[in-house]
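These are the residues of each chain, in order.
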Amino acid sequence: MNWDKSLRIVAGSFQLNALSVYCVIHNEMFFLPAFLDHYRSLGVKQFLFVDDCSTDGTLEYLIRQCDCIVLRSNLRFGEKVNGERVGPMWRNEIPHRYFRGQWAVSVDADEFLRIPSGFSTLPQFLEALDARGLDAVAAVMIDCYPETLAGFFDLGPPATAKELFDRYPWFDRGPYIRWSAGEK
């Protein structure tokens, strides 16, 4: 089977030039309500998810969202085609197939982008990057979690990004990037 031909849209319709987030997911119902809330509040207009055979209600939840496009495949994330795992191939193929020449954010369902101070929306930040002639930017992802692992089960899934950050305020202390002399 040709891995790139196996991806098919099972829900939603794609809007050309809409600010988008895309991610590959499997059983992410815990994070999805807060994830969508967060990125919508930043100005994201559509979400493209490759659902890797979720069984926890993820697919059904996303199908009910009017700004979500869901893709599926007969292949699984960890399967190999020509010696390479399919999941990373999906992540690399999606921007070429759907977002050529435009900005799109690639994250995991448990990653919540924080834009730099001075910007209130993601479109404002991207306009500043365009003005500088940039066409890509990398970011450090900081994982938030409860004080104890039991806290995930005690507190339950957050409905909004604010609830997520209030319930799970612990994260790994930086520095996250260490520059060597002459690299800044």
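One can find the structure itself at the top, above this paragraph.
The shown structure was predicted, so the numbers you read here are calculated from the model rather than taken from an experiment.

Asker: Please explain the overall build of the chain as it appears in this structure.
Answerer: What the chain contains, in helices and strands, is seven helices and nine strands. Across the 184 residues in the chain, those meeting the buried criterion constitute 41%. Counting only carbon and sulfur atoms, one obtains 51% of the accessible surface of the chain, whose full area is about 10800 Å².

Asker: Even after reading the chapter, I still don't get the nonpolar core, so can you show me in this structure?
Answerer: For soluble globular proteins, the rule of thumb is that nonpolar side chains tend to be buried together. Of all hydrophobic cores here, the largest spans 33 residues; its most connected members are F35, Y39, F47, F49, L62 and L122. Secondary-structure elements contributing two or more residues to this core are β2 (20–25), α2 (32–41), β3 (46–51), α3 (58–63), β4 (68–72) and α5 (122–131). The element that contributes the greatest number of residues to this core is α2, accounting for five residues. For F47, the contacting residues outside a window of four places in its chain are V21, F35, L36, Y39, R40, D67, C68 and I69. Counting 16 residues, the second-largest nonpolar core is a separate cluster that includes V24, L71, Y98 and F99.

Asker: Is there a simple way to explain the side chain of D67 in this structure?
Answerer: Turning to its location among the elements, D67 is positioned in the loop between α3 and β4. The buried category is assigned to D67, whose relative accessible area is 13%. Here the side chain of D67 touches R40 through a polar contact of 2.7 Å, side chain to side chain. If near-sequence neighbours (up to four positions away) are discounted, D67 is found in contact with R40, K45, Q46 and F47.

Asker: Where do I start with unusual backbone geometry in this structure?
Answerer: With glycine set apart, most residues show a phi of negative sign, and most peptide bonds adopt trans. The backbone phi angle of N17 is positive, close to 70°, even though this residue is not glycine. Structurally, the position occupied by N17 is in the loop between β1 (8–11) and β2. With a relative accessible area of 61%, N17 lands in the exposed category. A positive phi is found at N82, a non-glycine position, where the angle reads about 55°. Checked against the element boundaries, N82 lands in the loop between β5 (80–81) and β6 (84–85).

Asker: Would you take a moment to explain the packing of aromatic side chains for this structure?
Answerer: Centre distance and the angle of the planes are the two values used to describe a pair of aromatic rings. Scanning the entire structure with this criterion turns up twelve aromatic pairs. Ring centres of F14 and Y98 lie 5.4 Å apart, and the angle between their planes is 55°; on these two criteria the pair is classed as tilted. Here F14, found in the loop between β1 and β2, pairs with Y98, found in helix α4 (residues 86–98); they are 84 residues apart in sequence, far enough to count as distant. Of the residues examined, Y98 reaches a relative accessible area of 13% and is grouped as buried. What links up through ring pairs into an aromatic cluster is the set F35, Y39, F47, F49 and F112.

Quick notes on the rules
Within every chain, residues take consecutive numbers counted from 1 along the sequence as written. A pLDDT threshold of at least 70 governs which residues receive local features in this predicted model, and a stricter bar of 80 or more applies before side-chain atom pairs are shown or counted, although totals over entire chains, interfaces and linings include all residues. Hydrogens and waters are ignored; side-chain quantities use all the structure's heavy atoms. Each helix is a run of H or I in the DSSP string that is no shorter than four residues. Each strand is a run of E no shorter than two, and both are numbered from the N terminus. When a residue's accessible area, from a 1.4 Å probe over protein chains only, is under 20% of the maximum for its type it is buried; when over 50% it is exposed; and in between it is partly exposed. Here the open area of atoms and residues is found with the Shrake-Rupley method and a 1.4 Å probe, where only the protein chains shown may cover a residue. In this text, buried Ala, Val, Leu, Ile, Met, Phe, Trp, Tyr and Cys residues form a nonpolar core when linked through side-chain atoms within 4.5 Å. Residues count as neighbours in contact if any of their non-hydrogen atoms are within 4.5 Å of one another. Contacts described as polar in this section are N or O atom pairs within 3.5 Å, which, within protein, must combine one atom able to donate a hydrogen with one able to accept it, while residues neighboring in sequence count only if both atoms come from side chains. For Phe, Tyr and Trp, rings pair up if their centres lie within 6.5 Å, where Trp contributes its six-membered ring, and each pair is then called stacked (planes under 30 degrees apart), edge-to-face (over 60) or tilted (otherwise).

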